[in-house]
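Topology and contacts: notes
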Amino acid sequence: MTARLIDGKAHAASVRARVRDRVADIHARTGLTPGLAVVLVGHDPASEVYVRSKGKQAVEAGMRSFEHRMPTDTPAADLLDLIRRLNEDPLVHGILVQLPLPAHLDARAVINAISPAKDVDGFHISNVGMVGTGQDAIVPCTPLGCMMMLRHHHADFRGLTALVIGHSNIVGKPMARLLLNADCTVIVAHKSSINIPELARIADIVIVAAGVPGLVRAEWIKPGATVIDVGINRIERDGKPALVGDVDFDNVRHVAGAITPVPGGVGPMTIACLLANTLTAFCHQNDLQEEPLLLDEQDQT
Ligand code: NAD
C-alpha cells in the first residue's frame, strides 16, 4: 500500500486564490481593503524569511501589508506602544507579532495586548478561550490548515480517533480542541507520555508537532490512517542540509492511507490560513456578512 500524498502546496494555492477573489470582490463592492501588520523584533534568520513571505503573500492576495521591524533590544514599552497604535489603526485589520521574541520580552503579555479582533494568529487568550468552548473565533493558522486538509479526507470526524503528538499552545493544544469540537475522539501525547506507539496504533488520524525528526515510525501506524506531519527540522543528510518532518516518511507512507510530505505539506497552508484569518477579521471589523470562506468549502485539489 502506498499512501495518498496530501498536497499542501495545492491546498494552499486554492485557499490563496479564494482569498484573493474574495478580497477583489469586496473591494469592488465597498472600496475597502484588508490590511495585515507584521511585527518583527530582532534578526532571527528564520523569522526574517517568514515575515518577508507573509508580507509578499498578503500583497499578492490584494491586501495592504505593513511591516514593522524593531531592534533586538527594543524595550517592552516600545513594542506595547506600537501594538496600541496598530490596534487603533483603521487600515490594519490583522496584527501578527512574529515569535519567538527576544528573551527579555514577555510573549504572553505582548500577544494579549493585541486586540482580539485583530489577533490573526489566534493566540490571544480570548480567542483561545472561545475556540476551547466551541465558539466562533480566530483559529491559529497551523491547526486551521491541518483541519482543512483533514476535512478533505474525512467528511465526518464522528467515530474517528485522533492522536495529537505535541501539546504546545500554538499547534498541539488548538489542534486537539478543533478535533474535539468536530466530535472526534482525541488523545494528546507529549514528551512525558510513555505509550505513544500503542496510542498511535488505535488512531485513525495521527498529527505530530514535536520537532523530533523521524519520531513517528511505520510500525506505530494503523494501516490506512491519515498522518499529518507538522514538524519542520533542519538536519544534515548525506553531507547536505535537508528539511524533514517528525514522521519517518519513507516507511510510514507504505502503511498510512494519506500523508503530508515535508516540505510541501502543512507549511504552505500556514501562511495561506493567515491570509484567510486576516480576511475573516477584516469582514468582522467592517460588519460584512460574508459567507464563511474556509472550512465549509471543498478545495479544488
Ligand atoms: P514546541 O517545542 O513548543 O512543542 C513541542 C511539543 O512536542 C511539546 O508538547 C513536547 O512535549 C512534545 N515533544 C517533544 N519531544 C517529544 C517526543 N520525543 N515525544 C512526544 N512528544 C514530544 O514546538 P511547536 O512550536 O509546537 O512546534 C513543533 C514542531 O512543529 C516544530 O518542528 C516546529 O518547527 C513545527 N511547526 C511547524 C509549523 C508549520 O507551519 N508547518 C508551524 C509551527 C510549528
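Residues numbered from 1 in each chain as written. Predicted model: local features only at pLDDT ≥ 70, side-chain atom pairs only at ≥ 80, totals over all residues. Heavy atoms only, no water.

1. Looking at the overall build of the protein
Cut-off, in case you're wondering: For the purposes of this entry, the term helix denotes a DSSP run of H or I that reaches at least four residues, the term strand denotes a run of E that reaches at least two, and both are numbered from the N terminus. With C-alpha atoms as the basis for the radius of gyration, the globule rule is written as 2.2 Å multiplied by the number of residues raised to the power 0.38. The classification of residues rests on relative accessible area computed with a 1.4 Å probe and restricted to protein chains. Under 20% of the type maximum is buried, over 50% is exposed, and intermediate values are partly exposed. Contact definition: two residues touch when any of their heavy atoms are within 4.5 Å. The Shrake-Rupley method, run with a 1.4 Å probe, gives the accessible areas here. Residue values count only the displayed protein chains as cover. Charge counting treats Lys and Arg as positive and Asp and Glu as negative, with His and both chain ends excluded. Taken as the charge centre is NZ of Lys, CZ of Arg, CG of Asp or CD of Glu, depending on the residue.
Across its full length, the protein carries 10 helices and 11 strands. Computed over its C-alpha atoms, the radius of gyration of the protein comes to 19 Å, within 12% of the 19 Å expected for a compact globule of 301 residues. Once the C-alpha set of the protein is aligned to its principal axes, its extents read approximately 55 × 45 × 35 Å. Going through the 301 residues of the protein one by one, you find that 49% of them count as buried. Contacts spanning at least 24 positions in sequence make up 70% of the contacts within the protein whose residues lie at least 6 apart. In the form shown here, the protein has an accessible surface area of approximately 14,000 Å², with 53% of it arising from carbon and sulfur atoms. Considering the protein, the positive charge centre built from 28 side chains and the negative charge centre built from 33 side chains are found 3 Å apart.

2. What about the pairing of strand β9 (residues 233–237)?
We count it as follows: Any two strands between which DSSP finds at least two bridges are classified as paired.
Across 5 bridges, β9 lies against strand β10 (residues 240–244) in antiparallel orientation. Bridge assignment links Ile235 to a residue of β10, and that residue is Ala242. In this antiparallel pair of consecutive strands, β9 and β10, the connection spans 2 residues, and Asp238 shows a positive phi of 50°.

3. Digging into the sheet that holds strand β11 (residues 258–259)
Keep this limit in mind: With axes taken as lines fitted to C-alpha atoms, and helix axes fitted only over the stretch in contact, angles between N-to-C directions fall between 0 and 180 degrees.
Spatial ordering of the open sheet is given by β1-β11-β8-β7-β5-β6, a layout of 6 strands whose pairing is parallel. Edge positions in the open sheet fall to β1 (4–5) and β6 (185–189), since each of these has one partner strand only. Inspection of the sheet shows strand β5 (residues 161–165) paired to β6 by 5 bridges, in the parallel sense. Looking at β6, one finds that Val164 is bridged to Val188. The strands touched by helix α7 (residues 172–181) within the sheet are β5, β6 and β7 (205–208), with β5 carrying the most contacts at an inclination of about 170°.

4. Remarks on the site of the ligand
Note the following rule: A cutoff of 4 Å decides nearness: a residue is near a molecule or strand if any of its heavy atoms lies inside that distance of it. Polar contact is defined as a pair of N or O atoms within 3.5 Å, subject to the rule that within protein one atom must be able to donate a hydrogen and the other to accept it, and that residues adjacent in sequence are counted only when both atoms are side-chain atoms. Residues are called lining when one of their atoms sits within 4 Å of a cavity or pocket point, these points coming from a 1 Å grid over the protein atoms alone, where a cavity is a set in which a 1.4 Å probe fits but cannot get out and a pocket is an open set with protein on both sides within 12 Å along at least five of seven lines. For a cavity or pocket, the test is whether more than half of a molecule's atoms lie within 2 Å of its grid points; if they do, the molecule sits there. In the scheme used here, Gly and all other residues not listed as nonpolar or charged are polar, with Ala, Val, Leu, Ile, Met, Phe, Trp, Tyr, Cys and Pro taken as nonpolar and Asp, Glu, Lys and Arg as charged.
In the vicinity of the ligand, 22 residues are found, and the nearest of them are His167, Ser168, Lys191, Ile232 and Thr270. His167 is positioned with one of its side-chain polar atoms (N or O) 2.5 Å from an oxygen atom of the ligand. With respect to the ligand, the side chain of Thr270 contributes an N or O atom lying 2.7 Å from an oxygen atom. Within the complex, the protein chains bury 73% of what would otherwise be the 860 Å² of accessible surface of the ligand. Given that more than half its atoms are within 2 Å of the pocket grid, the ligand belongs to the largest pocket. A per-element tally of the shell around the ligand places helix α10 (residues 266–285) first, with 3 residues. Looking at the shell around the ligand residue by residue, the class counts come to 11 nonpolar, 10 polar and 1 charged.

5. Considering the layout of surface pockets
To locate leftover empty space, one rolls a probe as large as a water molecule over the atoms. The criterion, for reference: Grid points are joined across faces, edges and corners, and a volume is the space filled by probe spheres set on the points. The split into domains, and so the bounds of each, comes from an automatic or database assignment of domains.
The computed volume of the largest pocket comes to approximately 1,300 Å³. Along the walls of the largest pocket sit 49 residues, with Tyr50, Thr142, Ile170, Val230 and Ile232 positioned nearest its centre. Those elements that provide at least two residues to the lining of the largest pocket are α2 (45–60), β4 (94–97), α6 (141–153), β9 and α10. Of the residues in the lining of the largest pocket, the class split is 27 nonpolar, 15 polar and 7 charged. Counting residues domain by domain, the lining of the largest pocket receives three or more from each of domain 1 (30–117) and domain 2 (141–267).

6. A closer look at the environment of Ile202
Along the chain, Ile202 falls in the loop between α8 (196–201) and β7. Separated by 40 residues in the primary sequence, Ile202 and Ala162 place their C-alpha atoms 8.5 Å from one another.

7. A closer look at α10
Condition: Here the expected length of a helix is defined as 1.5 Å per residue gap, with one fewer gap than residues.
Its 20 residues place the ends of α10 28 Å apart at the C-alpha level, agreeing with the 28 Å of an ideal helix rising 1.5 Å per residue. Of all the 20 residues making up α10, 14 are buried; the element is thus mostly covered by neighbouring parts of the structure. Taken from the residues just after α10, Asp287 is the one with a positive phi, measuring 50°.

Geometric descriptors of this kind do not, in isolation, establish any biological role.
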